[in-house]
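Descriptive analysis of the structure
Residue-level listing of the chains:
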Amino acid sequence: IETVSWPGFIASLSGLTPFTLAGSLPDTTARFDTVQLQQVLINLLKNAHESGSAAEQVTLTVRQSPQGIRLEVADAGPGMAPNVLEQALLPFYSTKQSGTGLGLPLCREIVEAHGGRLSLANRAEGGLLVSVYIPAGI
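Residues numbered from 1 in each chain as written. Predicted model: local features only at pLDDT ≥ 70, side-chain atom pairs only at ≥ 80, totals over all residues. Heavy atoms only, no water.

1. Topic: the pattern of salt bridges
This structure, assessed with the given rule, holds 4 salt bridges. Across the pair glutamate 50 and lysine 46 runs a salt bridge whose closest N-O atoms are separated by 3.3 Å. Of this pair, glutamate 50 and lysine 46 both sit in helix α2 (residues 34-50), 4 residues apart, which is roughly one turn of the helix. Across the pair arginine 123 and glutamate 125 runs a salt bridge whose closest N-O atoms are separated by 2.6 Å. Arginine 123 gets classed as partly exposed once you look at its relative accessible area, which sits at 24%. (Salt bridge = Lys/Arg side-chain N within 4 Å of Asp/Glu carboxyl O. Helix = DSSP H or I, 4+ residues; strand = E, 2+ residues; numbered from the N terminus. Buried < 20%, exposed > 50% of the residue type's maximum accessible area, 1.4 Å probe, protein only.)

2. As for the pairing of strand β5 (residues 68-74)
Burial runs high along β5: 6 of the 7 residues are buried. Taken together, the 7 bridges between strand β4 (residues 59-65) and β5 define a ladder with antiparallel strand orientation. Within β5, the position partnered with valine 62 by the bridge is leucine 71. The turn joining β4 and β5, which pair antiparallel and follow one another in sequence, is formed by 2 residues. Both β5 and strand β7 (residues 128-135) contribute to a ladder of 7 bridges, which runs antiparallel. The partner of glutamate 72 across the bridge, within β7, is serine 131. (Pairing = 2+ DSSP bridges.)

As far as function goes, none of this settles anything; it's purely spatial.
Structure representation (C-alpha cells):
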C-alpha cells in the first residue's frame with residue numbers, strides 16, 4: 001500500500017489499455033497497492049472492450065471522498081443477463097468460449113483485500129457498469 005497521485009496512476013494505465021476518462025480526476029492522493037489496482041482496472045477495461053463497445057465508449061470514472069475511492073468502468077455493450085450477473089464473480093464461471101472464469105473473481109479478491117467491494121450492474125442506457133469501492137484509511 002502506498003500513496004498514489006491520480007494523474008500519474010491514470011497516465012500509466014492509459015499507456016496499457018485504451019479508455020476515455022469520464023469527468024476529472026480528484027485533486028487528492030489515495031492509498032492502495034498500485035500494481036494490484038492496475039491489474040484490476042486492466043482486466044475490467046479489457047472486458048469492457050470485449051463487450052463489443054467502440055473504444056471511445058469504454059469509460060473510467062474516478063471519484064474520491066473522505067470515505068473512500070469509487071472507480072467505475074462502463075461500456076456500451078449488451079450488458080449481462082440476470083443469471084450471468086448473479087454468477088459472474090464466481091470462480092470458473094465464464095460466458096466466453098476461451099474464458100477461464102478467473103478474471104472477475106481475481107478482481108473481486110484484490111478489491112476485497114483492500115477492504116472494498118466490486119459490483120456489477122446493467123446500465124439503464126445499455127451496457128455494463130462495474131464499480132470498485134475501496135474505503136479510506138487502508
